[in-house]
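Now for the letters of each chain:
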Amino acid sequence: METQIAKTAAATPRFQEFWRVFRSNYMGLVGLIMLIIVIFVAIFAPVLSPYDPSSTLNVTTADIYNPPSAAHWLGTDDAGQDVLTNFIFGARVSLTIGFFAAFISLIIGGVFGIIAGFYGGRTEELLMRFTDIMLVIPDLPLMMVVIALTKPSIFNIILVIGLLYWTTTARMVRSQTLAVKSRKFVLRARAIGSGKGHIIRRHILPLVLPILVVQAVLVVSSAVLAESTLSFLGLGDPTALSWGQMLNYAFGRGAMSTGAWWALVVPGFGIVWVVLGLTLLGQGLEQILNPRLDTHHLMPGRPIVTSEAAKVIEKVSGKRPLLEVQNLSINYVNNGKPPARAVENISFTLKEGELIGLVGESGCGKTTLMLALLRLLPSAGQIVNGQVFFNGRDLTALSEEELNTVRWKEVSIVFQGAMNALNPVRTVGDQIAEAIIKHIPGFPRDKRLQERVIELLELVGIAADHKDHFPHQYSGGMRQRAMIAMALACNPQVIIADEPTTALDVMIQAQILELLDSLRKKLGLAIIFVTHDLGVVAEMCDRVLVMYGGVTAEYADVDTIYNEARHPYTQELLKAFPDLTKPKKKLSSIPGYPPRLDALPAGCRFAPRCPLAVDRCHKEQPLLHKLGAAHFASCHLLEASK
Amino acid sequence: MTKEHFLEVQGLKKYFDAGRPGLFSRDVRYVHAVDGVDLQLRHSEVIALVGESGCGKSTLALLLMGLEDPTAGIVSFEGRDITHLNDNERKDLRRKIQMVFQDPYESLNPTQTIEEIINEPLVVHGIGNNKNERDERVKKALEDAGLKPAEIYLNRYPHELSGGQRQRVVIAAALVLEPEILLADEPVSMLDVSIRAEIINLLAELRITRQIAVIFITHDLGSVGFFADRVAVMYLGRIVEIGTMLEVLEKPQHPYTKALISVIPVPNPRLRRERIILQGETPNPIDMPQGCRFHPRCPVVMATCKVSDPPFVALSKTHQAACLLLVK
Amino acid sequence: MKRWRDLLGKIGWAFFTILFVIILNFFLFRILPGDPARAGVRDPRLTRENIEAIRVRYGLDKPIINCFESLNPVKIGSCAVNPLDTQFFIYMGNLLKGDLMISFHTNRPVTDILSERLWNTIILIGAGQILAIIIGVLFGMFSAWKARTTLDYASLTLSLVAWSIPTFWLGVILLFWGSNNGMPIAGMSTPGMSSYPFFTRFGDIAKHMFLPTLTYTIVYMGEYMLIMRSSLLDVLSEDYILTAKAKGLSIFQILKDHAIKNAMLPLVTIIAINLGFTVGGVVQIETVFSWPGLGMTIVEALNRRDFPVLQGAFLLIAVAVIAANLLADLAYSYLDPRVKTE
């Protein structure tokens, strides 16, 4: 039954998996290469450098600040020494101090962070307050004072940087520990009977470690910078010629006035190289750790592809329904790979005052379809076929500006999870008023606007005094009501409701559904109701479109769907849905899982899970067959019964 | 020790500190998460604990697991009070009571393989003399949880599995300790409808093949139907109605249960019925209403409801509800 | 009620931190090696009596605190000393009076020296910070809006490079360039300028400020750019931006009314946290350009072992950073309704 997984390749080791991702991250790769080069230079310094760094003998005044030449590729410095040689050996000092100091600070920060995050309470309070204090004390002046009062030796510098640079690590590790600790698998580990040590070792550490690695990279770069700064200010170890020390000597001993730019540029270049390499590596690792699609809602959408053939058929029809979706297909562009066919050839109509249900499991393309109606798809989404007619206008052919007069004014949306769909830093009333101002140009912006907002809020059952509250002050149910009030603000003809009751309690869900139903009757709204819940659909809808894997499985009026379903998927789904009127009935489940959009089966998309599938189903995609006046289903088995 | 009730809960309460209402205020306020719950569980019995979010059902589960300490009350297992155990006794008890969590995406450590996940409880408890013995138990647990053949899954990571498969892994990790009680906290609410029945059927099977008693916590009365023996309905920290599955679903007596059942959608448009929709939202459990805690939302509220807290009224040998309308 | 409690808590916490810094500041100079008197006035001609006289003059003959004669080396002393007659309490008492002792080097009160120099630093930080924020935020905004375009990659690379350049080195390079192109190379003004009319003097200072401010701006704008970019990217992928788009708002309206404010909020805290690091940058810039501010004062005092000035400057900087942090914290809780209205 779960053979799906058996067919895929054997599990890949974690490191290989990491390397595969890392390789395609240019930032991290460039950083790593830069770092490897400098480490190589530091290790093989004696081989690479043209002169012996300790030879200060035989230097005459004529050797001081010589410009680059064949003998001295990068010139000589204030002591007549070869700049290239000192530069190569300087890498050793800077890197040693950087790595050791980072090591100390990571140990302190890591231990503090994990203890504070894991144990919480007073321990956490104490440790974090101490960290906060250390964080505000300006670190450079403090380091300068401490090193000036003690002795500027490499050991002291490492110690001071290490003891001062742990604060950010401690904070990062603590918040990561807190985040891991609150995850359910830690609770499950406790439920199994694991002790604290076991949980820290097996569950917290493995998940904190990646953060610590990123942090390590960044702390090394800060430590290298700190060392060079201290050295430049004359607080470096006089016996170790680091890059900062070289700059200190050059700046303090006349490189500026003699115009010896090479003595100033070369060591600085070394510091920038190391710090930039580490920063790039750190950023790259960070990106892998917290992958973020660098996409957002304001990116330009992809051009719409419309077939000319569809437009011709279009002109024949007579009286038009309010909304008419014709053969709409949507792809997700998948860089390099063939596009994912998220929605294919969906058609439906919506009349005035009608409520149509769009039902399907997660990943069936219902939300994509809904967003495409108003062309709100994410930037990877592309309409590749079909049209959306609203009052006879083809929405797919409008410009963004023209479309903006249809959005919300004619067709508005109630989104799922209204917490995130409302702007958290603006009041609810303000956000409702915004829609009115935008779409009703002449609307007076005085008391009448406020009255209209209050009227809308009261329409959905929110008291007027909540108008100036922020979304976080509302409960989940109230936010959903506010979202509905906002959707009604410009008296639209159509409302698209995208899972408006998911994540709400049953009673609140019932309240919202009843509200929508009564508003529909009162205002004559047409509603597209997107949901995964067959029960809700049965309670409210006039017609139902059942989607599976991006295509229409069955499309009919609500009574037909529930009592005379013909598509095997609809039939099986109904059997899996619990029915309170028959409590003793054993539920049956559909074996397997819904298909992933990037790995759709070759034939009928339901075939791998279908109890009635025959050979043909695995090879050929079925057409949508008309079974009655307004009853359609896509299944090979229904071909004969047309 | 009563043989029949091997898990017994008496007057269980859990209050969380909610801070002071004001800077100079003396009294500390409390969240009454669980506020006096009595419950008995028999061997291999399935009880469904139903309620909306904030009714205290999840806190009750954590109390039963010993993952939270109760403010008052007793939980006894096989006649022994288990609310005040030391770490070793607690650890031994863990082998008897196991838990399945709501979110299968969150309840598996992403850095462990399936084998490590299932093997972990055995290592923690030092079960099994050698690796072979442990491997056998791990495989048996996986196959009992419906992941056959086990070998395919052992070296995989959770992210390579689907939601339903992950929930099976969580169940297998609980089964490997051979528990007597399984607490399932909303085990199917995050799964697709077509997968839900599969997990519920698995739990129903286990109570028959392994004699495991199940406490099934859910907000969805519809899903408890065919495998729960008894149903308990919770509201604001307390059980308001308890009875056999058919008694509660077909003859509900408490107005809250009635409303809850009436709003559950029936998947048949021909059976659309009158719904009792309660207005407002569940009050926050800090400022508990006086009298009956349901009275502010009750459609059939009486004057006395605002004053006196209703007692449990026995309606049959197995059916009880806490409502003043039922007091004769 | 809760707001007032939070406010009091924050102010109290800032005071506690300042107290911590004061105590640290006092003991640091006494735990670490080096007799302040001997180190401060290095002169081989000094006799034992002279040194003793200096010790008396700076109050260094008194026990450090009850039970301790000195801390390095640790010398246990009498615990029965009048607490008011110990160095610690005298120091605290003077602090309360606003007295930061007298400079070893110039014999002027430290308070006078610092108050002179403080303004120069504030001018430099103020100008640099404002420019860095404006440029950084603007670049960050465009980068996020045009994410994954050439413009984005270019400004990202530029910011990362700017972020990796050591402040002092950039200063040195700019100074090198400037000195060959007729820019002033040191100080705040040309000597003898004080007799010239106001506008000439102003122009002169502006000319002197150009390179230090440029250094400051380049070094810090990179970071602000990176933060603004990621913050705005986060906001722009939020659901409420999709709502705004569905509402038919234009891209400009969405950015103006729904995105910028939300994205700027985290920046407030980060600017405050950065102030601590900023001070480090200022020390470097002032040293390179001989800008007579607090940073240069610290470096000078270090070289002359002028501990009272060093102590005073360190304390002043720490208090300024703590105060700025407090202000940012309060500003944040005022600006973000999620914190303001509980």
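Residues numbered from 1 in each chain as written. Chains lettered and ligands numbered in written order. Predicted model: local features only at pLDDT ≥ 70, side-chain atom pairs only at ≥ 80, totals over all residues.

## Concerning the overall build of chain B
Part 1 of the reasoning: On a plain count of helices and strands, chain B comes out with nine helices and 12 strands.
Part 2 of the reasoning: Taken along the three principal axes of its C-alpha coordinates, chain B extends 70 × 55 × 45 Å.
Part 3 of the reasoning: Per-residue burial over chain B gives 49% buried out of 328 residues. (Helix = DSSP H or I, 4+ residues; strand = E, 2+ residues; numbered from the N terminus. Buried ≥ 20, exposed ≤ 12 C-beta atoms within 10 Å, placed from the backbone.)

## Details of the domain arrangement of chain B
Residues and elements named next belong to chain B.
Part 1 of the reasoning: Along its sequence, chain B is carved into domain 1 (5–20 + 28–96 + 179–272) and domain 2 (112–178).
Part 2 of the reasoning: Between the C-alpha centres of domain 1 and domain 2 the distance comes to 26 Å.
Part 3 of the reasoning: Contact residues are listed per partner, giving 10 residues for domain 1 and 10 residues for domain 2.
Part 4 of the reasoning: In terms of residue count, the dominant contributor to the side of domain 1 that touches domain 2 is helix H7 (residues 193–209) (four residues).
Part 5 of the reasoning: Per-class residue counts for the side of domain 1 that touches domain 2 are eight nonpolar, no polar and two charged. (Domains from an automatic or database assignment. Contact = placed C-beta atoms within 7 Å. Nonpolar A, V, L, I, M, F, W, Y, C, P; charged D, E, K, R; others polar.)

## Some words on the pairing of strand S8 (residues 213–218) of chain B
Residues and elements named next belong to chain B.
Part 1 of the reasoning: With six of its six residues buried, S8 lies for the most part within the structure.
Part 2 of the reasoning: Residues of S8 alternate between two faces, with Ala-213, Ile-215 and Ile-217 on one and Val-214, Phe-216 and Thr-218 on the opposite face, all of them buried.
Part 3 of the reasoning: Taken together, the five bridges between strand S3 (residues 46–50) and S8 define a ladder with parallel strand orientation. Across the sheet, Val-50 pairs through a bridge with Thr-218, a residue of S8.
Part 4 of the reasoning: Of the pairings in the sheet, the one linking strand S7 (residues 181–185) to S8 comprises five bridges and is parallel in character. Bridge pairing links Leu-183 to Ile-215 in S8.
Part 5 of the reasoning: Taken together, S7, H7 and S8 constitute a β-α-β crossover, and its handedness is right-handed. (Pairing = 2+ DSSP bridges. Right-handed = clockwise from strand over helix to strand, strands pointing away.)

## What to know about the sheet that holds strand S6 (residues 411–414) of chain A
The pairing of strands in a sheet comes from backbone hydrogen bonds and takes either a parallel or an antiparallel form.
All names here are of chain A.
Part 1 of the reasoning: As summarised here, the arrangement of the eight strands in space is S6-S7-S8-S3-S9-S10-S12-S11, forming an open sheet in which the pairing is mixed. Taken across any chain shown, the strands that pair with only one partner, and hence form the sheet edges, are S6 and strand S11 (625–628). Ignoring strand direction, the axes of neighbouring strands in this sheet form an average angle of 20°.
Part 2 of the reasoning: Here strand S7 (residues 494–498) pairs with strand S8 (residues 526–531) via five bridges, running parallel. Of the residues in S8, the one forming a bridge with Ile-496 is Ile-528. (Axes fitted to C-alpha atoms, helices over the stretch in contact; angles between N-to-C directions.)

## So, the nonpolar core
Part 1 of the reasoning: Ile-528 of chain A together with Ala-172, Phe-216 and Val-233 of chain B are the most contacted members of the largest nonpolar core, which has 373 residues in total.
Part 2 of the reasoning: Top contributing element to this core by residue count: helix H10 (residues 196–235) of chain A, with 19 residues.
Part 3 of the reasoning: When we break this core down by domain, the ones giving at least three residues each are domain 1 (5–20 + 28–96 + 179–272) and domain 2 (112–178) of chain B.
Part 4 of the reasoning: Among residues more than four places away in sequence, those in contact with Ala-172 of chain B are Ile-118, Ala-141, Leu-142, Ala-145 and Leu-147 of chain B. (Core = buried A, V, L, I, M, F, W, Y, C linked by C-beta atoms within 7 Å.)

## Things to note about the interface of chain C and chain A
Part 1 of the reasoning: Every contact between the two is made by 62 residues of chain C and, on the other side, 57 residues of chain A.
Part 2 of the reasoning: Broken down by element, the residue count for the side of chain C that touches chain A peaks at 11 residues, all from helix H10 (residues 251–289) of chain C.

## As for the packing of helix H2 (residues 26–43) of chain A against helix H4 (residues 83–119) of chain A
All names here are of chain A.
Part 1 of the reasoning: At their nearest, the axes of H2 and H4 sit 8 Å apart, and the two run at 110° to each other. Accordingly, the angle class assigned to the pair H2 and H4 is roughly perpendicular. Along its contact with H2, which presents Val-38, Ile-39, Val-41 and Ala-42, the element H4 presents Ile-88, Ala-91, Arg-92 and Leu-95.
Part 2 of the reasoning: For the contact of H2 with H4, the per-class residue count stands at seven nonpolar, no polar and one charged. (Parallel < 35°, antiparallel > 145°, perpendicular 65-115°, else oblique.)

## Comments concerning helix H6 (residues 139–149) of chain A
Part 1 of the reasoning: Taken across its 11 residues, H6 of chain A has 10 buried, putting it largely inside the fold.
Part 2 of the reasoning: Buried within H6 of chain A are the following residues: Asp-139, Leu-140, Pro-141, Leu-142, Met-143, Met-144, Val-145, Ile-147, Ala-148 and Leu-149 of chain A.

## Focus: unusual backbone geometry
Part 1 of the reasoning: Look at the link from Lys-148 of chain B to Pro-149 of chain B: it is a cis peptide, with omega at -15°.
Part 2 of the reasoning: When you line up the elements, Pro-149 of chain B lands in the loop between helix H4 (131–144) and helix H5 (151–154).
Part 3 of the reasoning: The residue Trp-408 of chain A is not glycine, and still its phi comes out positive at about 70°.
Part 4 of the reasoning: Inspection of the secondary structure puts Trp-408 of chain A in the loop between helix H16 (400–406) and S6.
Part 5 of the reasoning: What makes Trp-408 of chain A buried here is the crowd of 27 C-beta atoms within 10 Å.

## Let's talk about the sheet that holds strand S11 (residues 313–314) of chain B
Residues and elements named next belong to chain B.
Part 1 of the reasoning: The strand order across the open sheet formed by eight strands is S6-S7-S8-S3-S9-S10-S12-S11, and the pairing between neighbours is mixed. Lying at the two open borders of the sheet, with one neighbouring strand each, are strand S6 (97–100) and S11.
Part 2 of the reasoning: The pairing of strand S9 (residues 230–235) with strand S10 (residues 238–244) spans six bridges and is antiparallel. Paired with Tyr-235 across the two strands is Arg-238, which belongs to S10.
Part 3 of the reasoning: In the packing of helix H6 (residues 163–175) onto the sheet, the strands contacted are S6 and S7, and the crossing angle to S6 comes to about 175°.

## Overview of the confidence of the model for chain A
All names here are of chain A.
Part 1 of the reasoning: The share of residues in chain A with pLDDT of 70 or more is 94%, and the mean pLDDT across the chain is 88.
Part 2 of the reasoning: Considering only residues more than four positions removed or in separate chains, one finds that residues 1–11, a stretch of pLDDT under 50, has 11 contacts.
Part 3 of the reasoning: Confidence drops under pLDDT 50 across residues 312–316; counting only partners more than four residues distant or on other chains, this segment forms one contact. (pLDDT = per-residue confidence, 0-100.)

## Observations concerning the environment of Leu-209 of chain A
Part 1 of the reasoning: On the secondary structure map, Leu-209 of chain A appears in helix H10.
Part 2 of the reasoning: Counting along the chain gives 36 residues from Leu-209 of chain A to Val-173 of chain A, while the straight-line C-alpha distance between them is 8.9 Å.

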